[in-house]
Amino acid sequence: MVESDRSEFPGAHTPLTRVTDDAARTGPEALNRPYDPTGVEERWYRLWEDRGYFSPEGGDGRRPFVISMPPPNLTGVLHYGHAVIVTFEDLLIRWRRMQGYETLWLPGTDHAAIGTNSVLLDQIAKQGRTRDEIGREVFEELFWDWIGKSGATIRSQLRRVGASCDWSRERFTMDEGLTRAVNEAFVRLYDRGLIYRGSYLVNWDPQDRTAVSDLEVEHEIVAGKLWHVRYPLVDGGHIVVATTRPETILGDTAIAVHPDDERYAGLIGRRAQVPALERQIRIIADDAVNPEFGSGAVKVTPGHDPNDYQMGIRHELEMINILNEDGTLNENAGPFAGQDRFEARVSVVNWLDERDLIEKVEEHEHSVGHGQRSGTIIEPMLSEQWFVRIGPLAAAAAAAVRDGKIQFHPPRFADEFLRWMDEIHDWCISRQIWVGHRLPVWYCQDCGETTVNNDEPESCPACGGVLERDPDVLDTWFSSGLWPFSTLGWPDSTPDFRNFYPTTVMQTGYDIIFFWVARMVMLGIELTGEVPFRHVHLSGLMRRDDGSKVSKSDPQPGDDPAEVIDRFGADALRYMIATAGSPGGDLKLVWQKLEAARNFANKLWNAARFTVDAQAVGQVEPGPPTAVDRWILGRLDQTVSETTRRLEAFNFGEAGRGIQDLIWNDFCDWCIEASKPRLRGNDPAAASRAAATLAEVLTTSLRLLHPFMPFVTEELWSHLRRVLTDLEPENIIIADWPESQGRERDPAVAEIDGLAEAVRVIRNARREAGVEPARRIEAVLKPGARSAVLETESDFLARLARIDPLVILGDGDTPPEKSISLIAGGMEIHLPLEGMIDIDVERKRLTSELERLDGEIARADKALSNKKFIERAPADVVQKRRDDRVAAVSQRNTTRTRLDTL
RNA sequence: GGGCAAGUAGCUCAGCCGGUUAGAGCGCCACGUUGACAUCGUGGAGGCCACAGGUUCGAGUCCUGUCUUGCCCACCA
């Protein structure tokens, strides 16, 4: 984990002094209820940005903390998936900024080659035109137009979520600098033999008319058919093969059987006739054939099937391509040439059927590859493409992860990463589209020489002939793979590159761990000699209410986070995202959770209103802290430590929930309530102390919460600064991250916890006895171990449990007979409800209480009489068990006495 | 076919190194008073922690197996 450098950035914990002038108090117009984020969020974002809080100088001597923002695709608008990434990254950045790190969060956008290509082709198609009609130059103009518009939308959306990223360093994958980086990377990898060109079987997308990488092919199980087809043998008879793609018969160059398959032993080496074509093909033997499947004989189509391609290499078979780039059949398809691939399948089946060459047809489920972007069925096809030789890159990347140079959070994703690195194939990086970085490759029209160079050469270096540039562009993930360093100025050794590389955390959705994270690691190590980031935090995916995944390729109407921000505020959205799940787990966008988050912001708002008003007590030297003060400050320090620890472990959900627990359950429900009598009493020093405690707890809580809910905390900070003159700095965004002062160990924490428990028990008893909520009742206490705290804090109990009068007995005194008797927080509590208690009901209650206690004691006895437990359990666990048993026995005795005297 | 994750209250989910009687929010029931808050307060009901074994003094938590769901990877025609 990243260590926080505490010594350098001590927290400011000086007591806050208050403004006494009433005029300085926040006017009612400033703290209206309920909290309304409208306008507030935009105002603060502008101020932060204008003051340069997002933009580090670089190299000012502080430890850097750097995140490269995953660049959103310029294919449209942001969705919740982006909101998730922004929430977590902004959380990390704001937290580390407060801790005093020099933080850089570098934003940018991605040209999304095939995705944007599809968007543009759609636009052109709507005008009734085609790509080829308008030409490459006009197409590229359309592209830059679109980039401008889409980029503006995305920038404004990121601002609305509150992303405190450095817009002055914003980059785009196709800006001049990054294009230079892409060319440089290509040239270096080519020179090192890590990029090559060749004719191989690739995944062809006939709709987008381009090759795509293995990762861009999504396999789906579809219900298809398995046709058993008779191939006539040249010297008589026939052989039956099974196929799911009958149209590929036209590309067959062999039939294969298993070498040990006795059924076909006599046929090996004989020749068969390809239906509908002149071609005769050999029957060969190959281990890859599964005799159990189909007829045990398989047609071999090396030009259109990965298995068959390998078999073709082994047996030196002819490789025939029967497809055009658009998915129609080419001249090699004989009578079917010109037909679309789907049409051709029907035609071929009909042709075979008419000649009685189909033996049978079976229903057959199998997996079919579809284009990630286009959705169309991918055809394996022979094609001349460029590849990255991945083996050496993957080995180095895997080693970096194994050696812990890169850590995954949660760690299980490291295993997934390594497993994938083991099975990885070479990466096809050329695309036959017009959106993207054009390959820095030129071919000589005269001598055929290939030139790979950063800048366009004037003529062929070999023969001086005329050059033509390769028309292909690079896979969009090639430029994305350079992102953490290309954005910092690589290949130049710029100040930013020196100051901020390697980056600290890469945080993104786990769905692009292979597409993106792996490639950044591979290319980063190869090109910069260093890992591109130390930590990888993978968040879960955002799912719609119905469980479907929110994704770029399939946007739905409700996917725009702007709707939620309009209605609940960005803080609510962020808090909901940060706390809705556990690390790496998927999130569901649930309405009630957003409401709950908004309500939390409002609760905080109202607690702040109270705290602001409380400061009107005037500038009086505060009296000593009471037990309640020490209790809440202990809880505060505990939360401070826990929150820091949880954030360091990337455990955002627990961190956020813990802060809410402090604010709502401890601060609001107990501390604020307990402070009211002091604030309104006639002891100015006590009131002043109460106000000071409220101020400290609230301002510290706001700092803890700021990374989660930046806007409302900043707004409240500014209101508090009007009444707390010492509250620094001016904006919470640059305030120090709190540090614990160790007050969680104050004994007052346990004491007040005990009183609070007593309050709860009394409230419960009142309810059961049917006492009206407003009515004050008498209580008689035997305080036991709590006598000291009760001396000063009896008001706490009296007020919150609505007790009056509160009678405290000495140890020897006898409690009143006719009363409800309770034991809580180490005290004996008697409520003499004259005329109100039903003896039978009370007897029943005490009896069941006795049973409960007997059960507890029995369980404790069982454990404590177990020798092995005494021997093997840790001493503190055994001791605790003993203490608990003693307490239970004492409670039981008291309860029994009450029952007997009733 | 291989792998991963999940299965806990009506719903959505937490639950750390195994440690008394398993938590939150929402929903539900009942009642509302004190000039922060009705986007609120107080009290309550509600759980075979998927199932079966095992390890252990002790299992929601660790191990094995089974079932269900989701996802990722994969060339079986």
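On a predicted model such as this, the values are computed, not experimentally measured, just so you know. Position numbers for residues start from 1 in each chain and track the written sequence from start to end. Ligands are numbered from 1 and chains lettered from A, in the order in which they are written. Local features in this predicted model are restricted to residues of pLDDT 70 or higher, and side-chain atom pairs are both shown and tallied only at a pLDDT of 80 or more, whereas totals for entire chains, interfaces and linings draw on every residue. Water and hydrogen atoms play no part in the side-chain values, which are based on all heavy atoms of the structure.

**Observations regarding the sheet that holds strand β8 (residues 238–243)**
Then step 1. When DSSP finds two or more bridges between a pair of strands, those strands are recorded as paired. Where helices and strands are cited, they refer to DSSP runs of H or I of at least four residues and of E of at least two residues respectively, numbered from the N terminus. Strand order across the open sheet formed by three strands is β8-β7-β13, with antiparallel pairing between neighbours. With partners counted over all chains shown, the strands left at the sheet margins are β8 and β13 (358–371), one partner each. The sheet shows a mean angle of 20° between the axes of neighbouring strands, taken without regard to direction.
Then step 2. Where strand β7 (residues 217–232) and β8 come together, six bridges link them in antiparallel fashion. Counted as the bridge partner of W227 is T243 from β8. All axes are obtained by fitting lines to C-alpha atoms, using only the stretch in contact for helices, and the reported angles, taken between N-to-C directions, cover 0 to 180 degrees.

**Concerning the side chain of R898**
Then step 1. Note on placement: R898 falls in helix α25 (residues 875–901).
Then step 2. Throughout, exposure labels follow a simple rule: accessible area from a 1.4 Å probe, protein chains only, divided by the maximum for the residue type, with under 20% read as buried, over 50% as exposed, and the rest as partly exposed. With relative accessibility at 5%, the residue R898 sits in the buried group.
Then step 3. In this structure the side chain of R898 is engaged in a polar contact, spanning 2.4 Å, whose partner is the side chain of S821.
Then step 4. Not counting the four nearest positions on each side in its chain, R898 is found in contact with P815, P816, E817, K818, S819, S821, H830 and L846. Nitrogen and oxygen atoms within 3.5 Å of one another constitute a polar contact, given that in protein one can donate a hydrogen and the other can accept it, and given that sequence-neighbouring residues count only through two side-chain atoms. What makes two residues a contact is simply this: any of their non-hydrogen atoms within 4.5 Å.

**Details of helix α20 (residues 710–723)**
Then step 1. Multiplying 1.5 Å by the helix residue count minus one yields the expected span of that helix. For α20, spanning 14 residues, the distance from its first C-alpha to its last is 21 Å, which sits close to the expected 20 Å at 1.5 Å a residue.
Then step 2. Within α20, 11 of the 14 residues are buried, which leaves it mostly tucked inside the rest of the structure.
Then step 3. Within the sequence span of α20, burial applies to P710, F711, V712, T713, E714, E715, L716, W717, H719, L720 and V723.
Then step 4. Of the surrounding elements, those touching the buried residues of α20 are α1 (40–50), α2 (80–99), α4 (131–161), α15 (570–579), α16 (591–614) and α19 (684–705).

**Structural notes on the pattern of salt bridges**
Then step 1. Here, a salt bridge means any side-chain nitrogen of Lys or Arg that lies within 4 Å of a carboxyl oxygen of Asp or Glu. Inspection of the entire model under this criterion finds 49 salt bridges.
Then step 2. In this structure, the salt-bridge partner of D475 is R431, at a minimum N-O distance of 3.1 Å. Of this pair, D475 sits in the loop between β21 (473–474) and α10 (476–480) while R431 sits in strand β17 (residues 430–431); the two residues are 44 residues apart in sequence, bridging distant segments of the chain. Just as D475 is buried, R431 falls in that class too.
Then step 3. K676 is the salt-bridge partner of E673, the closest N and O atoms lying 3.2 Å from each other. Remark: K676 and E673 occur in helix α18 (residues 652–680); sequence separation between them is three residues, near one turn of the helix.
Then step 4. When salt bridges with common partners are traced through the structure, they connect R245, D305, R341 and E379 into a single cluster.

**Regarding the protein's contact with RNA strand B**
Then step 1. To be near a molecule or strand, a residue needs just one of its heavy atoms within 4 Å of it. As a matter of local geometry, RNA strand B sits amid 65 residues, with N307, E856, R872, K880 and D884 nearest to it.
Then step 2. Sugar plus phosphate, as a fraction of atoms of RNA strand B within 4 Å of the protein: 53%.
Then step 3. Here R609 contributes a side-chain N or O atom positioned 2.8 Å from a sugar or linking oxygen of RNA strand B.
Then step 4. With 11 residues, the single largest contributor to the surface near RNA strand B is α16.
Then step 5. Note on residue categories: nonpolar means Ala, Val, Leu, Ile, Met, Phe, Trp, Tyr, Cys or Pro, charged means Asp, Glu, Lys or Arg, and polar means any other residue, Gly included. Split into classes, the residues belonging to the surface near RNA strand B amount to 22 nonpolar, 15 polar and 28 charged.

**Digging into the pairing of strand β29 (residues 827–831)**
Along any regular strand, the residues point their side chains to alternate faces of the sheet.
Then step 1. Where burial is concerned, most of β29 is hidden: five out of the five residues are buried.
Then step 2. Burial along β29 is two-sided: M827, I829 and L831 facing one way and E828 and H830 facing the other are all buried.
Then step 3. When strand β26 (residues 777–782) meets β29, the two strands line up antiparallel, connected through three bridges. In the sheet register, K782 faces β29, and the bridge partner there is E828.
Then step 4. With five bridges connecting them, strand β28 (residues 820–824) and β29 associate as antiparallel partners. Within β29, the position partnered with L822 by the bridge is I829.
Then step 5. As consecutive antiparallel partners, β28 and β29 are separated by two residues, and within that stretch G825 has a phi angle of approximately 55°, a positive value.

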